[in-house]
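Below are the chains, spelled out letter by letter.
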Amino acid sequence: MSGRIFKQYRVLKIMMNEAVKLLARSRFVIAFTGAGVSAESGVPTFRGSSGIWKRHRAEELATSEAFRKDPHLVWEFYRWRMDVIRKAKPNKAHYALADLERMGVIRAVITQNVDDLHREAGTKNLIELHGNIFRVRCTACSHREYLKESGRLDEFLAEKYLPRCPDCGSLLRPDVVWFGEPLPRNALENAFVLAERADLVLVIGTSGVVYPAAYIPRIVKETGGKIIEINTEESGITPIADVFIRGKAGEVMSEIMEEFRRLI
Ligand code: APR
């Protein structure tokens, strides 16, 4: 091992130990996750060199104006994403967070992801700030449908035409939050309340630049709590993180869990 790599390894170990100690002594822990937590599951992230917004223009696909202008294009994009995501399986980071909840350590996972992988891994108290890609809603009436539950997912993906509401015949849209749209009010309010109460937030795999979601770790910090961040790169949150662990979410969380189980 070269000197530089040995030093990096030592820093990583110190940070990891620090994170485990913080986790063990905190009383109200929450997690705040972004696309990076699902990267090891094969779900593409948004920013970064191979991110979705490098290959596609967000304003042509993820705004209500884009949907009005070209619903075919927007649905083509969302059907592709749904198909990629439904083949993905939760990774070790998703399972670690679900385990921590079962152990009574984590109170809630607040996610910006729409991929359902936290739920599949077993997280119960899940707050989805940006909606869920497997839910659709009518653009005219109150119809809402969770395609995994209604059993229409296969049919929905095979269909080439624009999806129509079974109740009123109007256009259906993905039940996700597009740029410029408000976040679901209950979800955001609950997330802010949890952030105020939390004495520790695990921030995993987010660039931390999309608001209002990015307020979550900032609220924890401002109300006296600590931040552990896990990310392959520095992010908008790194400057205020108490512990920054550079690495892949699944790999880092497995190591943290191993140490944590030894400690408690
Ligand atoms: N482990 C940990 N972090 C990772 C990994 C990994 N395996 N792979 C990538 N990352 C990090 C990147 O370094 C980056 O900081 O995950 C982050 C992903 O950032 P974004 O792609 O910007 O995703 P996110 O922060 O969730 O985006 C927020 O923006 O486009 C909108 O609505 C969309 O919810 C999304 C929001």
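**Considerations on the domain arrangement of the chain**
Phase 1: Domain assignment breaks the chain into domain 1 (1-43 + 90-130 + 183-264) and domain 2 (44-87 + 133-176).
Phase 2: A separation of 28 Å is found between the C-alpha centroids of domain 1 and domain 2.
Phase 3: Every contact between the two is made by 15 residues of domain 1 and, on the other side, 14 residues of domain 2.
Phase 4: Approximately 1000 Å² of surface area, both sides summed, lies buried where domain 1 meets domain 2, with 57% of it carried by carbon and sulfur atoms.
Phase 5: Of all residues in domain 1, the largest losses of buried area upon contact with domain 2 belong to Val43, Val114 and Asp116, amounting jointly to 45% of the total for that side.
Phase 6: Taken together, domain 1 and domain 2 are joined by 3 salt bridges.
Phase 7: Lys148 is the salt-bridge partner of Glu120, the closest N and O atoms lying 3.3 Å from each other.

**Description of the pairing of strand E7 (residues 200-204)**
Phase 1: The element E7 is largely enclosed, with a buried count of 5 among its 5 residues.
Phase 2: By the alternation rule, side chains of E7 split into Leu200, Leu202 and Ile204 and Val201 and Val203, which are all buried.
Phase 3: Note: strand E1 (residues 29-33) against E7, 5 bridges, orientation parallel. Paired with Val29 across the bridge in E7 is Leu200.
Phase 4: Where E7 and strand E8 (residues 226-231) come together, 5 bridges link them in parallel fashion. Across the sheet, residue Val203 finds its bridge partner in E8, namely Glu229.
Phase 5: Where the polypeptide runs from E7 across helix H11 (residues 215-222) and back to E8, its parallel neighbour, the crossover connection is right-handed.

**Brief notes about the sheet that holds strand E5 (residues 144-146)**
What links the strands of a sheet is backbone hydrogen bonding, and the strands pair in either a parallel or an antiparallel sense.
Phase 1: Strand order across the open sheet formed by 3 strands is E5-E4-E6, with antiparallel pairing between neighbours. Edge strands, defined here as strands with exactly one partner in the open sheet, are E5 and strand E6 (172-176). Each strand axis lies, on average, 35 degrees off the axis of its neighbour in the sheet, ignoring direction.
Phase 2: As defined by bridge partners, strand E4 (residues 131-138) adjoins E5 across 3 bridges and the pair is classed as antiparallel. Pairing of Arg137 across the sheet is with Arg144, part of E5.
Phase 3: Here helix H5 (residues 71-87) sits on the sheet in contact with E4 and E6, set at roughly 140 degrees to E4.

**A few points about the packing of helix H1 (residues 3-25) against helix H12 (residues 249-263)**
Phase 1: With their axes 9 Å apart at the nearest point, H1 and H12 run at an angle of 55 degrees to one another. Relative to H12, the element H1 is oriented oblique. Crossing hand, H1 versus H12: right-handed. Across the interface between the two elements, Lys13, Met16, Asn17, Ala19, Val20, Leu23 and Ala24 from H1 touch Val252, Glu255, Ile256, Glu259, Phe260 and Leu263 from H12.
Phase 2: Tallied by class, the residues present in the contact of H1 with H12 amount to 9 nonpolar, 1 polar and 3 charged.

What counts and what doesn't
- Along each chain, residues carry numbers from 1 onward, in the same order as the chain's sequence is written.
- In keeping with the predicted nature of the model, local features appear solely for residues at pLDDT of at least 70, side-chain atom pairs appear and are counted solely at 80 or more, and the whole-chain, interface and lining totals rest on all residues.
- By convention in this description, side-chain values take in all heavy atoms of the structure and omit both hydrogens and water.
- As used throughout, domain bounds are those supplied by an automatic or database domain assignment.
- Contacts are assigned to residue pairs that have any heavy atoms within 4.5 Å of one another.
- By buried area we mean how much accessible surface two parts lose on assembly, using a 1.4 Å probe and totalling the loss over both.
- For salt bridges, the criterion is a side-chain nitrogen of Lys or Arg within 4 Å of an Asp or Glu carboxyl oxygen.
- Think of it in three bands: residues with accessible area under 20% of the maximum for their type are buried, residues over 50% are exposed, and the middle band is partly exposed, with areas taken using a 1.4 Å probe on protein chains only.
- Here a helix means four or more residues in a row that DSSP labels H or I, a strand means two or more in a row labelled E, and each is numbered from the N terminus.
- Here the rule is simple: two strands pair whenever DSSP picks up at least two bridges between them.
- Consider the strands pointing away from the viewer: the crossover is right-handed when the path from the first strand over the helix to the second runs clockwise.
- Structural elements are reduced to axes, namely lines fitted to C-alpha atoms, with helices fitted over the stretch in contact, and the angle between N-to-C directions of any two is expressed from 0 to 180 degrees.
- Put simply, angles under 35 degrees are roughly parallel, angles over 145 are roughly antiparallel, angles from 65 to 115 are roughly perpendicular, and the rest are oblique.
- Take the far helix as your reference; a near helix turned counterclockwise from it by less than a right angle gives a left-handed crossing, and one turned clockwise gives a right-handed crossing.
- When residue character is reported, Ala, Val, Leu, Ile, Met, Phe, Trp, Tyr, Cys and Pro are called nonpolar, Asp, Glu, Lys and Arg charged, and the others, Gly included, polar.

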